[in-house]
Amino acid sequence: MFIRRLILQETHPKIKIIRDIPFKLDINLIVDDSKHSGNNVGKTTLLKIIDICLGQKDKSSIYTDQETNLINQPLKNYIHTNKVEAILELSKSIDNLNNVNQKADYFISVGLFSHGKRKINNVEKNIDDEYLPTLKEIIFDYVEPYPRYTDLIKKFVRVEIDAGSYKLLRFSPNKILSILTYRLIYNFLFNLIDTEDNIKLANTRLNSKKFDEEIANFNKFLEKKI
């Protein structure tokens with residue numbers, strides 16, 4: 001799967017394209033063509049928007065500084081007032097990627113404002129029940145519930161520029177995963193075991209979690225009796 005194009009556009013009061021960014025095979029660089037330092041040209045913002053299109057739920061990251069947690073109020077107001085939308089085009093093949101006369105295979109659109117809708121090929125999707133599972137099928141050609149799409153995609157979308165390789169390999173967003181979950185992820189990514197065995201492993205994970213919850217509830221019951 002290839003990212004073919006990212007379009008940012010105002011949708012209110014009328015359609016107005018803000019940015020139309022094509023991608024190509026190999027390395028794509030975002031540079032400042034002025035003589036300045038190259039800071040504040042939108043590199044991180046672009047990555048955040050791609051991340052949101054690929055399933056990140058928190059849209060506020062676009063206008064919230066990661067280090068200081070301060071909000072860029074003018075940018076936030078602009079996005080909400082003009083109902084800014086991102087459209088990410090995906091291609092399944094190199095031929096489609098390179099053929100400008102051919103439509104992309106998939107169009108992923110997200111309203112970046114509050115309550116903005118998420119669509120795939122112009123069909124509105126609920127993020128948890130439809131959007132993420134559809135992306136999982138499109139990008140990974142996989143429909144089983146485990147490993148989760150959100151755990152898989154974070155191995156490919158790296159927004160935190162200063163994150164070390166250990167963090168990229170070891171951590172999922174905002175949490176440390178269990179060893180069993182890591183096995184599910186890397187078994188899938190590197191095809192270490194077949195799909196059927198990975199599903200069995202996922203079921204083991206679910207049963208183990210349920211058993212731990214039952215033990216915890218039973219211990220609470222005993223504490224009340226004592």
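Look up a bit, the structure's there.
Conventions adopted
Residues numbered from 1 in each chain as written. Predicted model: local features only at pLDDT ≥ 70, side-chain atom pairs only at ≥ 80, totals over all residues. Heavy atoms only, no water. Helix = DSSP H or I, 4+ residues; strand = E, 2+ residues; numbered from the N terminus. Buried < 20%, exposed > 50% of the residue type's maximum accessible area, 1.4 Å probe, protein only. Contact = heavy atoms within 4.5 Å. Areas by Shrake-Rupley, 256 points an atom, 1.4 Å probe, with all protein chains shown as cover. Core = buried A, V, L, I, M, F, W, Y, C linked by side-chain atoms within 4.5 Å. Pairing = 2+ DSSP bridges. Phe/Tyr/Trp six-rings, centres within 6.5 Å; stacked < 30°, edge-to-face > 60°. Lys NZ or Arg CZ within 6 Å of the ring centre and 35° of its normal. Salt bridge = Lys/Arg side-chain N within 4 Å of Asp/Glu carboxyl O.

*Asks:* I would appreciate a short explanation of the overall build of the chain in the present structure.
*Replies:* The secondary structure content of the chain amounts to eight helices and eight strands. By the burial criterion, 35% of the 226 residues in the chain qualify as buried. Counting contacts in the chain only where the partners sit at least 6 residues apart, residues at least 24 apart contribute 51% of the total. For the chain, the exposed surface amounts to about 15,000 Å²; the carbon and sulfur share of it is 53%.

*Asks:* Would you take a moment to explain the nonpolar core for this structure?
*Replies:* Nonpolar side chains tend to gather and get buried jointly when the protein is soluble and globular. In this structure, Leu6, Ile49, Leu88, Ile108, Leu112 and Tyr131 are the most contacted members of the largest nonpolar core, which totals 38 residues. Those elements giving two or more residues to this core turn out to be β1 (2-10), α1 (43-53), β3 (84-91), β4 (106-111), α4 (127-140), α5 (149-153) and α7 (179-189). With six residues, α4 is the largest single contributor of residues to this core. Discounting chain neighbours no more than four positions away, the residues touching Ile49 are Leu6, Leu8, Ile62, Ala86 and Leu112.

*Asks:* Whenever I open this one, the pairing of β4 confuses me. Can you help?
*Replies:* Working note: regular strand, side chains alternate between the two faces of the sheet. Extensive coverage of β4 is indicated by the burial of five of its six residues. As paired elements, β4 and strand β5 (residues 118-120) share three bridges and run antiparallel to each other. Looking across to β5, one finds that Ile108 is bridged to Ile120. In textbook terms, the turn of a hairpin is the stretch between consecutive antiparallel strands, and for β4 and β5 this stretch comprises six residues, one of which, His115, has a positive phi near 65 degrees.

*Asks:* Could you clarify how one ought to interpret the packing of aromatic side chains in this entry?
*Replies:* Ring pairs (aromatic) are described by centroid distance and by the angle formed between their planes. The final tally for this structure, using the stated rule, is five aromatic pairs. Each ring, one from Phe140 and one from Tyr149, has its centre 6.1 Å from the other, and the planes form 65 degrees; the classification is edge-to-face. Comparing Phe140 with Tyr149, the two get one shared label, buried. With a centroid separation of 5.9 Å and 15 degrees between ring planes, the pair formed by Tyr186 and Phe190 is classed as stacked. According to the relative accessible area criterion, Phe190 is exposed, its value standing at 57%. Counting every residue linked through ring pairs, the aromatic cluster contains Phe140, Tyr142, Tyr149, Phe156 and Phe188. The ring of Tyr131 is capped by Arg118, whose NZ or CZ atom sits 5.2 Å from the centre of that ring.

*Asks:* Help me understand the pattern of salt bridges in this model?
*Replies:* Two side chains carrying opposite charge are able to pair once their charged atoms lie near each other. The full count for this structure, using the stated rule, is five salt bridges. In this structure, Lys117 engages Glu124 in a salt bridge whose closest nitrogen and oxygen atoms are separated by 3.5 Å. Judged by its relative accessible area of 47%, Lys117 falls in the partly exposed class.

*Asks:* How should I be thinking about the pairing of β3 in this particular structure?
*Replies:* Most of β3 is tucked away: eight of the eight residues are buried. With burial as the criterion, each face of β3 is covered, one bearing Val84, Ala86, Leu88 and Leu90 and the other bearing Glu85, Ile87, Glu89 and Ser91. Sheet topology note: the β1/β3 ladder contains eight bridges and is antiparallel. Note that in β3 the partner of Glu10 across the bridge is Val84. Pairing between β3 and β4: six bridges, direction antiparallel. Looking at β4, one finds that Ile87 is bridged to Ser109.

*Asks:* Before we go on, may I ask you to explain the environment of Asn82 in this structure?
*Replies:* Along the chain, Asn82 turns up in the loop between α2 (73-81) and β3. Sequence separation between Asn82 and Lys14 is 68 residues, and the spatial gap between their C-alpha atoms is 8.6 Å. Filtering out sequence-adjacent residues up to four positions away, Asn82 remains in contact with Glu10, Thr11 and His12.

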